[in-house]
Amino acid sequence: MTVAGLQQAGLTAEQVQLLVLASGFDNGDEWRLAPFHLARACGAVRATVLGVQQMSCGGAAGIEHVVARMTADIALEHAVVVAGDSFAELPAEHWTSATGEGVALEDGAAAVVLSRVVPGRFHIRSVTSCGAPVVPLPAGLVAADAAPAVGDTVKQHLVHAWEMRRLISTVIRQALEDIGAEPDDPSIADVRLPRLGQPFLRAAVLPALPPPLRAKVSTAGQDTGHLGSGDLLADLATLHTEASAGPPGASVSLLLSLGTGMTASCVAVHDTGPLRPSPHS
């Protein structure tokens, strides 16, 4: 995944100066060393390595860290953010989400290359985040040998749905302010939601969006199930395989991420036009 992203960007692994690996779940005895293992395995042997844990907002947090670092340090030119989670050790119900309001967890990984100097199709216009750590979290969420906790965790978040809606409204409003747009601005092509299942999205996420943005919600990628920390990065990857998402002049996508605990993030990207033919054309 990481190597493929670098190849698409025309970079070598040794050019990577910062590698960030986001994960949300305990994936074995070596999980604390996983960022370093990844850097060595892909050849990013000159990179500063960082592990990020912010549950399902980890990918967004990785992008936020890189953007802040690049803003502060002009010598940082190339970075990679990777998100990967495996839910194999969780109880079997996580695949079907029998008690989780449609939230089915799926294994997955995604990577994004961020560069100050290499031209890319998407330019980051805004990264915003806010949190409200008010949801009680069962130990079973991160411990493989604990009782099933997926459904209970989702239900706890729905109990605090009003707080979740406040967070979503806040990051969307901040992103719109950053790009100088109103919710009905024709420059906004679409809104990408976290891959949390339609029942959960209808109950806790969609009501928080301004009405003009609800009409621009994209369902692309929603069939994968929730990829843990990888949702937002996977949405970026999906965008990269598509032709322009909206009508002429609509070039901004808002990518929303939600993390257990709770955290909400929004990344606004400007589509400068396809660098390669769309597979759908």
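These numbers were taken from a predicted model, which means no experiment stands behind them.

A. View of the pairing of strand S1 (residues 18-22). With 5 of 5 residues buried, S1 lies mostly within the body of the structure. Burial along S1 is two-sided: Leu18, Val20 and Ala22 and Leu19 and Leu21, pointing in opposite directions, are all buried. Pairing of S1 with strand S2 (residues 48-52) involves 5 bridges; the strand directions are parallel. The partner of Val20 across the bridge, within S2, is Leu50. Here S1 runs beside strand S3 (residues 78-85); their pairing, made up of 5 bridges, is parallel. Bridge pairing links Val20 to Val81 in S3.

B. Highlighting the pairing of strand S9 (residues 263-271). When you tally the buried positions in S9, you get 8 out of 9 residues, the bulk of the element. Both strand S5 (residues 122-131) and S9 contribute to a ladder of 9 bridges, which runs antiparallel. Of the residues in S9, the one forming a bridge with Cys130 is Ala264. Here strand S8 (residues 252-259) runs beside S9; their pairing, made up of 8 bridges, is antiparallel. Each bridged residue has a counterpart across the sheet, and for Ser257 the counterpart in S9 is Ser265. The loop that links S8 with its antiparallel partner S9 comprises 3 residues; one of these, Gly261, has a positive phi angle of about 135°.

C. Expanded view of a negative patch on the surface. A cluster of like negative charges, contributed by Glu177, Asp178, Glu182 and Asp184, occupies part of the molecular surface. Here Asp184 shows up in the loop between helix H5 (161-179) and strand S6 (188-192).

D. How the structure looks around unusual backbone geometry. Looking along the chain, the bond that leaves Gly261 and enters Met262 is cis, with omega of 25°. You can see Met262 is positioned in the loop between S8 and S9. For Met55, which is not glycine, the phi dihedral falls at a positive 55°. Tracing the sequence through the fold places Met55 in the loop between S2 and helix H3 (58-72). Classification of Met55 by relative accessible area gives buried; the value is 16%.

E. Highlighting the sheet that holds S1. Strand order in the open sheet formed by 4 strands is S2-S1-S3-S4, and the pairing between neighbours is mixed. Each edge of the sheet is formed by a strand with only one pairing partner; in this case those strands are S2 and strand S4 (108-115). Adjacent strand axes in the sheet meet at a mean angle of 15° when their direction is disregarded. Two strands pair when backbone bridges link them, and S3 and S4 are joined in this way by 8 bridges, in the antiparallel orientation. Bridge assignment links Val80 to a residue of S4, and that residue is Val113. Across the sheet, helix H2 (residues 34-42) touches S1, S2 and S3, and the angle it forms with S1 is around 130°. Set on the sheet, helix H8 (residues 231-240) makes contact with S3 and S4; between it and S4 the angle comes to about 70°.

F. Looking closely at H2. Those residues of H2 not exposed but buried are Pro35, Ala39 and Cys42. Looking straight down H2, one finds its buried side chains confined to an arc of 80°; they lie on one side. Exposed side of H2, more than 90 degrees from the buried face: Arg40 and Ala41 are the residues found there. Downstream of H2 by one or two residues, Gly43 has phi in the positive range, about 95°.

The rules we used
- Residues numbered from 1 in each chain as written.
- Predicted model: local features only at pLDDT ≥ 70, side-chain atom pairs only at ≥ 80, totals over all residues.
- Heavy atoms only, no water.
- Buried < 20%, exposed > 50% of the residue type's maximum accessible area, 1.4 Å probe, protein only.
- Helix = DSSP H or I, 4+ residues; strand = E, 2+ residues; numbered from the N terminus.
- Pairing = 2+ DSSP bridges.
- Patch = residues over 30% accessible without salt bridge, like charges linked within 9 Å, V, L, I, M, F, W, Y side chains within 5 Å.
- Areas by Shrake-Rupley, 256 points an atom, 1.4 Å probe, with all protein chains shown as cover.
- Salt bridge = Lys/Arg side-chain N within 4 Å of Asp/Glu carboxyl O.
- Lys, Arg positive; Asp, Glu negative; His and termini not counted.
- Charge placed at Lys NZ, Arg CZ, Asp CG, Glu CD.
- Axes fitted to C-alpha atoms, helices over the stretch in contact; angles between N-to-C directions.
- Contact = heavy atoms within 4.5 Å.
- Arc of directions from axis to C-beta.

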